[in-house]
Amino acid sequence: MHHFDKKFLSLPRQAIPCKLHGVESSQPDGSWPKAAAANMQKFSGKALCVQLHAEGSGVLDVDLFDTSGEGDVSVVQVLVAASLAQLSTVSQPSAPGRAAATSDVATAPVADQAITRPHRNIFPVVKLDNDGGQFEVIVTHTDTPSSFYIQSGRNADILSSCDLLNELFEALDSSEPVDGYCPILGEICCARFSEDQSWYRAVIDSVSADHRHVDMTFVDYGNAQLDVSVLETRPLPEQFSQKPILALKCALFGVCPSQVARDWSSEAVEYMRTQTPLSVKFLAEKIGETDQRTMLVNLCSASGDDVSLSQLLIEAGHGTASAGR
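Undergrad: Where do I start with the overall build of the chain in this structure?
TA: The number of helices and strands found in the chain is 5 helices and 18 strands. Of all 325 residues assigned to the chain, the portion counted as buried reaches 42%. Here the contacts in the chain between residues at least 6 apart in sequence split such that 66% fall between residues at least 24 apart.

In structure tokens form, the structure reads like this:
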């Protein structure tokens, strides 16, 4: 033992006691298995994002997220997915601004070893070779000319995926909610699209604090759906997780927002959407990649018109020419 220098007495405590929010041991006696501690240890030394829920008796009630990878990883959901923990069965308050109507309350989610939870980071994604050739596509969804999604019939795996997904829709059309099921962040599951009431594969982008609603993106089309009840989701059967994602994220080559606007205007987005209905096919040429998830492409109508979509945007006054992206 050594005498403590008084200059250190003014320093605040560095280690803060915490507990994970809304989670409890999956053991019948309530004790935590050693494997749970080992899984927690994997996050030791990492810079984690903390969401504070409450403070009591000097202990912080928190959610922890590892944001070092491509997607945010919840420590709670890692433990639940590994069947080392379960979400608390006590009643939880509704998310801010949302009433907890009894008709929209899902059973408290529990860990289920029979449920396969494919994560987006390990999901197969088709990569189109940059060979200078053209391939026929349709544009399935547009956020901006620098962020839109295509489906291509160039790859046989994609075509077989379409057939298999039709079987998925038929299988789930009359299905009932899975008792206790709540998809976790980053999981690819099945979800009902509100506009046509059909079932599609979707990745979970966020989960509400009460675990009753989720935000998602439909991976085979690219469009998002917000504030979806977990009752409108189902676990993705394992055989459907072996097929690649159909929607490929793209950015138009040779055009950028005007220097005045800097960001794409709503008029530019609407113009592109009117030019790319699902009924119109395009010839796409892959120029390169802007990042690991986005292809840089040149799009021309498959009807024989050589004018690119980028050029149409420029001529309509919605963008300016760019040597690159």
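That was the structure; now back to the text.
Undergrad: Help me understand the sheet that holds strand E7 (residues 134-144), please; the structure alone is not making it clear to me.
TA: Backbone-to-backbone hydrogen bonds join strands into a sheet, with any given pair of strands oriented parallel or antiparallel. Read around the closed barrel, the 5 strands follow the order E7-E8-E14-E17-E16; overall the barrel is mixed. Pairs of neighbouring strands in the sheet enclose a mean axial angle of 50°, with direction left out of account. Across 3 bridges, strand E8 (residues 147-152) lies against strand E14 (residues 248-252) in antiparallel orientation. The partner of Phe 148 across the bridge, within E14, is Cys 250. Across the sheet, helix H4 (residues 266-275) touches E7, E8, E14 and strand E16 (282-291), and the angle it forms with E7 is around 140°.

Undergrad: Before we go on, may I ask you to explain the nonpolar core in this structure?
TA: Proteins that are soluble and globular tend to have nonpolar side chains buried together. The biggest cluster of nonpolar side chains holds 24 residues, and the ones touching the most others in it are Leu 168, Ile 188, Cys 190, Val 214, Met 216, Phe 218 and Leu 236. Listing elements by their share of this core, those giving two or more residues are helix H3 (156-172), strand E9 (188-192), strand E10 (199-207) and strand E11 (213-218). Counting residues per element, this core draws most heavily on E10, at 5 residues. Once you skip the residues sitting within four places of it in the chain, Cys 190 turns out to touch Leu 168, Leu 172, Trp 199, Tyr 200, Glu 232, Thr 233, Arg 234, Pro 235, Leu 236 and Pro 237. In this structure, Val 139, Leu 248, Met 272 and Ala 284 belong to the second largest nonpolar core, which totals 20 residues.

Here is what the cut-offs are and how they apply
- Residues numbered from 1 in each chain as written.
- Predicted model: local features only at pLDDT ≥ 70, side-chain atom pairs only at ≥ 80, totals over all residues.
- Heavy atoms only, no water.
- Helix = DSSP H or I, 4+ residues; strand = E, 2+ residues; numbered from the N terminus.
- Buried < 20%, exposed > 50% of the residue type's maximum accessible area, 1.4 Å probe, protein only.
- Contact = heavy atoms within 4.5 Å.
- Pairing = 2+ DSSP bridges.
- Axes fitted to C-alpha atoms, helices over the stretch in contact; angles between N-to-C directions.
- Core = buried A, V, L, I, M, F, W, Y, C linked by side-chain atoms within 4.5 Å.

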